[in-house]
Amino acid sequence: MSGSCQGKPSSLPEPPSHGQPLWLLAELTYKCPLQCPYCSNPKDFADFSEELTTQEWIKVFEEGRKLGAVQLGFSGGEPLVRQDLSVLIKAARDLGYYTNLITSGVGLSERKVAEFRDAGLDHIQVSFQASDETVNNMLAGSQKAFQQKLKMAREVKAQGYPMVLNFVTHRHNIDQIDRIIELCVELEADYVELATCQYYGWAFENRQQLMPTRAQLERAERITNEYRAKLAAAGNPIKLIFVTPDYYEERPKGCMNGWGQVFLTVTPDGQALPCHSARMLPIEFPNVREHTLDHIWNESFGFNHFRGYEWMKEPCLSCDEKEKDFGGCRCQAYMMTGDAHNTDPVCSKSPNHDMILQARAEAEAPATEPLLYRNERNSRVFCKG
Amino acid sequence: MTSLEMIPVLEKMFRFQWEEAQQSYVLLYPEGMVKLNGPAGEILSLVDGKRNLTQIIDLLMEKYPQAEGLNDDVLAFIDDAIKQHWIRG
């Protein structure tokens, strides 16, 4: 297309291009019976208690579907705390979503697993804290969690769901990776996420107590690869997904496949975010109570803010890898450098990369501080109001 | 070699549906989606756990009488789909 009269006036630049929000994550509640010290919820979650109603959620699902969203995750907190979960599952399924329940398994029962199946739930992901009962319960801050999780994982499979098991790994459990994998095989998981802890939210507070050493990480990855080969040779279709922590990389991750490109999170109180950590940023994000998802996704300041490349600073701006990693993670840049426009310090080109090197060095030392558990009392410390 | 008598069934891990926003058939699975190309979508839309491959090929030939080498294309796709654990025989 050419000619000056065919475009919009040059004083109103087009917002940078973006895709559809294929992934809608519904954080139904911040309430949770567990207290995992690596929870990605905001540290000041206790400040946000005005949860969306059933009808408000269903409106969000309808608007998301119109925008092309197809995967819907029910998350939290612990989504099972919501008494209307079956109603929400049914509404989402009727709209054509593939519905994922992301749960700790605590609060689940045989009856609920069946009830959700009838409502149209497609998949259940159960998170574990460790393969060992004592470590699991220590991390979860609950004495009964492990046995309940085992029981529910078996129930999920018995009732015919695809099942993903999620283990967040860190220095306290990563050396048991072989036992974690064996447990997942025994429980007949379809997918296993061996997700090395990412340092956001509560995990950032507890980083020194959680971060594995490079040697621990390399060993875990090697063992995972050995299991992959062994399981594939035995014809077992189980998929092991090993998520490496970016702290041991020299280039940042292409966070969320780019800001506001495929992912949309809605928090319990209706704030729409381009990723589940973004609430911490000093940016005003729109609320679904005040705006449609169409406006939020396509026009809002918050979602357009880090789209494209215009916002970048050096060394990102002139970097030939910027289209690959989009400068890394905005939240990490903000948490570590105080400016979300900066290059993610994971990048070895970042002038702040020494912060990552420092964290790696700290990981070599024994953990000294006690873990800070994610609960309402501890959250109050971080609340503003 | 896959037999024409085979009755393919979608693995229960997957849900198959038309996605208006993608203008294509897709396979949905936990936290993921495979966007299918035209022929793959057409073939899978006929996989219902009852029809065998001969019947599926016949239906495709009715719909696309100009298409050449349908037999081989369908068999190659089915082989691949089994390897990917999308369907079983």
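Conventions adopted
- Within each chain, residue numbers correspond to sequence positions counted from 1 in written order.
- All chains are assigned letters beginning at A, and all ligands numbers beginning at 1, according to the order in which they are written.
- Two thresholds apply to this predicted model, a pLDDT of at least 70 for residue-level local features and 80 or more for giving and counting side-chain atom pairs, whereas whole-chain, interface and lining totals are computed over all residues.
- To get the side-chain values, all heavy atoms of the structure are used, and hydrogens and water are removed first.
- Put simply, DSSP H or I for four residues or longer makes a helix, DSSP E for two residues or longer makes a strand, and each gets a number counted from the N terminus.
- Residue exposure (1.4 Å probe, protein chains only): buried if accessible area is under 20% of the type maximum, exposed if over 50%, otherwise partly exposed.
- Contacts were defined at the residue level, with two residues in contact if any of their heavy atoms lie within 4.5 Å.
- Only four residue types enter the tally: Lys and Arg on the positive side, Asp and Glu on the negative side; His and the chain ends are excluded.
- By convention, the point assigned to a charge is CZ for Arg, NZ for Lys, CD for Glu and CG for Asp.
- UniProt positions are given in the numbering used here, feature names are shortened, and annotations may be inferred rather than shown by experiment.
- Stacked, edge-to-face and tilted labels apply to pairs of Phe, Tyr and Trp rings (six-membered ring for Trp) whose centres lie within 6.5 Å, assigned for plane angles under 30 degrees, over 60, and everything in between, in that order.
- Only lysine NZ and arginine CZ atoms are considered, and such an atom sits over a ring when it is within 6 Å of the ring centre and within 35 degrees of the ring normal.

1. As for the overall build of chain A
And then number 1: When its secondary structure is counted, chain A shows 15 helices and nine strands.
And then number 2: Each principal axis of the C-alpha distribution contributes one length, and for chain A these read about 65 × 50 × 50 Å.
And then number 3: For chain A, buried positions account for 57% of its 385 residues.
And then number 4: In chain A, 74% of the contacts between residues at least 6 apart in sequence involve partners at least 24 apart.
And then number 5: Computed over 41 positive and 51 negative side-chain charges, the separation of the two mean positions in chain A equals 2 Å.

2. Considering the UniProt feature "binding site: [4Fe-4S] cluster" (unreviewed entry) in chain A
All names here are of chain A.
And then number 1: Sequence positions flagged by UniProt for "binding site: [4Fe-4S] cluster" (unreviewed entry) are, in local numbering, Cys 32, Cys 36 and Cys 39.
And then number 2: Checked against the element boundaries, Cys 36 lands in the loop between β1 (23-27) and α1 (54-66).
And then number 3: Residue Cys 36 is classed as buried on the basis of its relative accessible area, which comes to 11%.
And then number 4: Look past the residues within four positions of Cys 36 in its chain and what remains in contact with it is Gln 129, Leu 139, Ala 140 and Arg 374.
And then number 5: Counting through the fold element by element, Cys 39 comes out in the loop between β1 and α1.
And then number 6: Excluding its chain neighbours within four sequence positions, the residues that come into contact with Cys 39 are Tyr 200, Gly 201, Trp 202, Ala 203 and Arg 374.

3. Remarks on the packing of aromatic side chains
How two aromatic rings sit relative to each other is given by the distance of their centres and the angle of their planes.
All names here are of chain A.
And then number 1: The tally for this structure, following the rule as stated, stands at 19 aromatic pairs over all chains.
And then number 2: Arranged with centres 5.0 Å apart and planes meeting at 75 degrees, the rings of Tyr 199 and Tyr 247 form a pair that is edge-to-face. One end of the pair, Tyr 199, is in the loop between β6 (191-196) and α7 (201-205); the other, Tyr 247, is in the loop between β7 (239-243) and β8 (263-266), with 48 residues separating them in the sequence.
And then number 3: Using a relative accessible area of 1% as the deciding quantity, one classes Tyr 247 as buried.
And then number 4: Ring pairs connect the aromatic residues Tyr 30, Phe 45, Trp 202 and Phe 382, which therefore count as one cluster.
And then number 5: Seen from the ring of Phe 128, Lys 149 lies directly overhead, with NZ or CZ sitting 5.8 Å from the centre.

4. Comments concerning unusual backbone geometry
Residues other than glycine predominantly adopt negative phi, and peptide bonds predominantly adopt the trans conformation.
Residue and element names in this part refer to chain A.
And then number 1: For the bond running from Gly 76 to Gly 77, omega is 10 degrees, close enough to zero to count as cis.
And then number 2: Along the chain, Gly 77 falls in the loop between β2 (71-75) and α2 (85-94).
And then number 3: A positive phi angle is found at Glu 188, which is not glycine, with a value near 60 degrees.
And then number 4: Locating Glu 188 in the fold gives a position in the loop between α6 (177-186) and β6.
And then number 5: Among the residues examined, Glu 188 registers a relative accessible area of 53% and is labelled exposed.

5. As for the environment of A:Ala130
Residue and element names in this part refer to chain A.
And then number 1: Within the element layout of this structure, Ala 130 appears in the loop between β4 (123-128) and α4 (133-140).
And then number 2: In the structure, Ala 130 is positioned 50 residues away from Ile 180 in sequence and 7.0 Å away in space, judged by C-alpha atoms.
And then number 3: Sequence-distant contacts of Ala 130, that is, excluding residues within four places in its chain, are made with Val 135, Asn 136, Phe 146, Phe 167 and Asn 173.

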